[in-house]
Amino acid sequence: MKHCLTIYLLLIVLSMVSSCHMTIPEDNFNIRNRMISGDSLHIYSTLDEPVGRYFNENKTYYSVRFGKIRTLQGGIDGEPLQGVYELYVKKKLMMKGSFRNGLKNGKWFVWSANGTLNSIANYQAGIAQGEYKEFDQEGNLRLQGKFSKGQLNGLTKIVADGQSKTFRYKNGVVTDTLQSNSGLFKWMKVIRSTDDEY
């Protein structure tokens, strides 16, 4: 009888422990996989089961298939990346951000080989959206602007050789330049020649 009671209690404890492991995170993804490729180390998570439809011709999707991280414009080719992603090259953190359903989502950081911050970008469902900053090799601000639907929009500050200029963008195209004239600012329309090469 004592052994039956012990076995019964053991089964109850095991069922409680296994039920604790049965809880699935809200995003239903694998935690912290590692992939080594040459000098690079990728730390990532993937969705256990793809959720929803993965097809939008204007977006680049990131997934894992056959032991490699793959990108595909317009759709998913493998298990979609999900959650925090980190890329290390020669043991140095070079990129950090997060994915949602295989698309970049949230704030992304990129560092140069010397460890200085190269850029900070924000993404929403795979599209650049919100504040964007670029820095030079010394860590000085080189460009600051905002993206809307994947294109620069609004005022964008560009710094070169200690001089800064501010441009107004609309749908990724410069429409005005802010020039300084004796401390007073005035807008000057940028005239684009039909001879411009793109």
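Here, every reference points to the structure presented above.
Residues numbered from 1 in each chain as written. Predicted model: local features only at pLDDT ≥ 70, side-chain atom pairs only at ≥ 80, totals over all residues. Heavy atoms only, no water.

Within the secondary structure layout, Leu 117 lies in strand β10 (residues 117-124). Taking the C-alpha atoms as reference points, Leu 117 and Glu 134, separated by 17 residues in sequence, lie 8.1 Å from one another. Those residues in contact with Leu 117 that sit more than four places away from it in its chain are Phe 109, Val 110, Trp 111, Phe 135 and Asp 136. (Helix = DSSP H or I, 4+ residues; strand = E, 2+ residues; numbered from the N terminus. Contact = heavy atoms within 4.5 Å.)

Within the element layout of this structure, Lys 90 appears in the loop between β6 (83-89) and β7 (92-100). For the pair Lys 90 and Ser 40, spaced 50 residues apart in the sequence, the C-alpha separation amounts to 6.4 Å.

Counting 9 residues, the largest nonpolar core is built from Met 35, Tyr 44, Tyr 62, Val 64, Leu 81, Tyr 85, Leu 87, Phe 99 and Trp 108. When residues of this core are traced back to their parent elements, those giving at least two are β3 (60-65) and β6. Not counting chain neighbours up to four residues away, the residues in contact with Met 35 comprise Ser 40, Leu 41, His 42, Tyr 44, Val 64, Gly 67, Lys 68 and Ile 69. One finds Ala 128, Tyr 132, Leu 152 and Tyr 169 within the second-largest nonpolar core, a separate group that totals 8 residues. (Core = buried A, V, L, I, M, F, W, Y, C linked by side-chain atoms within 4.5 Å. Buried < 20%, exposed > 50% of the residue type's maximum accessible area, 1.4 Å probe, protein only.)

Here is the key point about a regular strand: its side chains alternate between the two faces of the sheet. Relative to strand β11 (residues 127-135), β10 runs antiparallel, the two being bridged by 5 bridges. Along β11, the bridge assignment pairs Ser 119 with Glu 134. Here β10 hands over to β11 after 2 residues, with Ala 125 in that stretch at a positive phi of 50°. Hairpin connection of β11 to strand β12 (residues 141-148): 5 residues between the antiparallel strands, including Gly 139 at a positive phi of 90°. (Pairing = 2+ DSSP bridges.)

Turning our attention to the sheet that holds β3. Reading across from one edge, β4-β3-β5 is the order of the 3 strands in this open sheet, with antiparallel pairing throughout. The sheet is open, and its two edges are formed by β4 (68-73) and β5 (79-80), each paired on a single side. Two strands pair when backbone bridges link them, and β3 and β4 are joined in this way by 6 bridges, in the antiparallel orientation. Looking at β4, one finds that Thr 60 is bridged to Gln 73.

This part takes up the environment of Leu 41. Note that Leu 41 resides in strand β2 (residues 40-44). Among the residues examined, Leu 41 registers a relative accessible area of 24% and is labelled partly exposed. Setting aside residues up to four positions removed in sequence, Leu 41 forms contacts with Arg 34, Met 35, Ile 36, Glu 86, Leu 87 and Tyr 88.

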